[in-house]
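Here are the chains, one letter per residue:
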Amino acid sequence: MIDYLARPMADAFMQVGVYVAVLVVVFGWLRWRYGDRVTDALVRRPRFGPLVGALLGVSPGCGGAIILMPLYARGRVSYGTVIAALAATMGDSSWVVLAWDPGFALRIHALLFAVGLVTGYAVDALRVDPARPTALVPESPPAAPAGDRRPVMATAFWGLTTPAFLVSVPIVFQMLDPDRVSAVLRGVDPYLVLGVAGTLVAVVIFTAGRGRFADDTVESSHPRSVGEMLRHGAHEASFVTVWVAVAYVGWEVLTRTTGLDGSELPLVGVAGVVAGALVGLVPGCAVQIVFTGLYVSGAMPLPTLAANAVSQDGDALIPLATLRHRSAALATVVTTIPALLVGAALLLVGF
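None of these values were measured; they are calculated from a predicted model. (Residues numbered from 1 in each chain as written. Predicted model: local features only at pLDDT ≥ 70, side-chain atom pairs only at ≥ 80, totals over all residues. Heavy atoms only, no water.)

Draft legend 1. Examining the packing of aromatic side chains more closely. Evaluated as defined, the whole model comprises eight aromatic pairs. Both rings, one in Phe206 and one in Trp243, keep their centres 6.1 Å apart while their planes meet at 80°; by these two values the pair is edge-to-face. Pair noted here: Phe206 is in helix 10 (residues 190-208) and Trp243 is in helix 11 (residues 226-258), with a separation of 37 residues, a long-range link. In this structure Phe206 comes out as buried when scored by relative accessible area, which is 17%. The rings of Phe13, Phe157 and Trp158 are connected pair by pair, giving a single aromatic cluster. (Phe/Tyr/Trp six-rings, centres within 6.5 Å; stacked < 30°, edge-to-face > 60°. Helix = DSSP H or I, 4+ residues; strand = E, 2+ residues; numbered from the N terminus. Buried < 20%, exposed > 50% of the residue type's maximum accessible area, 1.4 Å probe, protein only.)

This is the structure:
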């Protein structure tokens, strides 16, 4: 039971969740502190739209891309700016690769930025825009139900994340022998205990939020206070942790019961690139997080992941679909084209 369930649950939190939480706080604070300055500058200099769109899109999570959607609906930014952000974003899957290998994450995000930049300027040069912008229909955040315990659970999440981070860093980066730590604590494995507890708390927060696309909305991408930023950060980190746990547990059960090692799956070669791009068409981040988790576990090559990363639009597609459904539908098609091209190019050069 420990190998099948507890260990992968602990790995999901200790190898991904705690690092996601730290990164969410950093980027959440930056959006809270400087978000308005970025968008104001974008409106004043529209020719830099795709450049800024790619920069906002490539930032981890979905918040950077989301804040562009109401601006597009108001006619303040171009459709190419939106496409640049959607092609560049890896959504909440970014947290998975950042926690797994920061160096690799930097390289894949640099690739996504370049693809988003080129695609966005190409769309504007071709004057592609399926909808004439009209007045913005504001998106109202759902009212919290009576007795909402998410703020309390967010406090519990951050209280648990702090000691988990302190335990995770020396163990994950092999600076400390976990067996020696367990011996000092008379057989108690703090990595396993904190990891399982962290994933269970994430499940509670995820369930309390009804699994809502990591709570990403136009409003949550502009937190109004540090407290709000921390609450949303706990929800987003929990969302990622839960789906990574699903991927880890599912993969562990699959490999142990069937003997598969990933090479048997149709995720390699041209078929893999096409599969990655098609999976990217699925709205939201949940499926994409699981798919990225398969890459981290060694179940697919880089071209498949790259095709998926470019194709997926994260949660930013949801407010766009609410405001401009024709633009959202076309965006899913447009971002699939460079996804297939990038995946094929990586295959040709031998990745």
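After presenting the structure, the write-up continues.
Draft legend 2. Local environment of the environment of Val123. With respect to the secondary-structure elements, Val123 resides in helix 7 (residues 102-125). Val123 sits 43 residues away from Gly80 along the chain, and the two C-alpha atoms are 5.0 Å apart.

Draft legend 3. Just the side chain of His109, in detail. For His109, the location among the structural elements is in helix 7. Polar contacts involving the side chain of His109 include one to the main-chain carbonyl oxygen of Ala105, which spans 2.7 Å. Ignoring sequence-local partners within four residues, the contact set of His109 consists of Val58, Met90, Ser94 and Val97. (Polar contact = N/O pair within 3.5 Å; in protein donor to acceptor, adjacent residues only side chain to side chain. Contact = heavy atoms within 4.5 Å.)

Draft legend 4. Representation of the packing of helix 7 against helix 14 (residues 302-311). Contact pair helix 7 / helix 14: the axes reach a minimum separation of 11 Å and the direction vectors enclose 50°. Here helix 7 is positioned oblique relative to helix 14, judged by the angle of their axes. Considering only the axes of helix 7 and helix 14, their crossing is right-handed. Judged by residue contacts, Phe104, Ile108, Leu111, Leu112 and Val115 of helix 7 engage Leu302, Leu305, Ala306, Ala309 and Val310 from helix 14. (Axes fitted to C-alpha atoms, helices over the stretch in contact; angles between N-to-C directions. Parallel < 35°, antiparallel > 145°, perpendicular 65-115°, else oblique. Left-handed = near helix turned anticlockwise from the far one by under 90°.)

Draft legend 5. Just the confidence of the model for the chain, in detail. Predicted confidence across the chain gives a mean pLDDT of 81, with 83% of residues reaching 70 or more. Note on residues 133-148: pLDDT is under 50 here. Beyond four places in sequence and across chains, it has 24 contacts. (pLDDT = per-residue confidence, 0-100.)

Draft legend 6. Expanded view of unusual backbone geometry. One non-glycine residue, Arg127, lies in positive phi territory at about 55°. Its place among the elements puts Arg127 in the loop between helix 7 and helix 8 (150-172).

Draft legend 7. Representation of helix 7 within the structure. Over its 24 residues, helix 7 extends 34 Å from the first C-alpha to the last, a length consistent with the 34 Å expected when each residue adds 1.5 Å. Residues of helix 7 that are buried: Phe104, Ala105, Ile108, His109, Leu112, Val115, Gly116, Thr119, Gly120 and Val123. Buried residues along helix 7 sit against helix 2 (49-58), helix 5 (79-88), helix 6 (93-100), helix 13 (286-296), helix 14 and helix 16 (325-348). By the N-cap criterion, in which a side-chain oxygen at the helix start approaches the backbone nitrogen of a residue two or three places on, helix 7 is capped by Asp101, the distance to Gly103 being 3.1 Å. Where helix 7 terminates, the next one or two residues include Arg127, which has phi positive at roughly 55°. (Expected span 1.5 Å × (residues − 1).)

Draft legend 8. Molecular detail of the side chain of Gln312. Its place among the elements puts Gln312 in the loop between helix 14 and helix 15 (317-323). Exposure remark for Gln312: the relative accessible area of 0% places this residue in the buried category. Gln312 has contacts with Leu86, Thr89, Met90, Gly91, Ser93, Gly280 and Gln288, leaving out every residue within four places of it along the chain.

Draft legend 9. Focus on the packing of helix 11 against helix 13. Remark: helix 11 packs on helix 13, axes separated minimally by 9 Å, with the N-to-C direction vectors making an angle of 50°. Here helix 11 is positioned oblique relative to helix 13, judged by the angle of their axes. Classified by chirality, the crossing of helix 13 by helix 11 is right-handed. Contact residues: helix 11 offers Phe239, Val240, Trp243, Val244, Ala247, Tyr248 and Trp251, while helix 13 offers Ala286, Ile289, Val290, Gly293, Leu294 and Val296. For the contact of helix 11 with helix 13, the class distribution of residues is 12 nonpolar, one polar and no charged. (Nonpolar A, V, L, I, M, F, W, Y, C, P; charged D, E, K, R; others polar.)

Draft legend 10. Inspection of the environment of Phe291 at higher detail. Residue position: Phe291 is located in helix 13. What makes Phe291 buried here is its relative accessible area of 8%. Residues Phe291 and Gly280, 11 residues apart in the sequence, show an inter-C-alpha distance of 9.3 Å. Leave out the neighbours within four places in its chain, and Phe291 touches Leu267, Gly276, Val279, Met300, Thr304 and Asn308.

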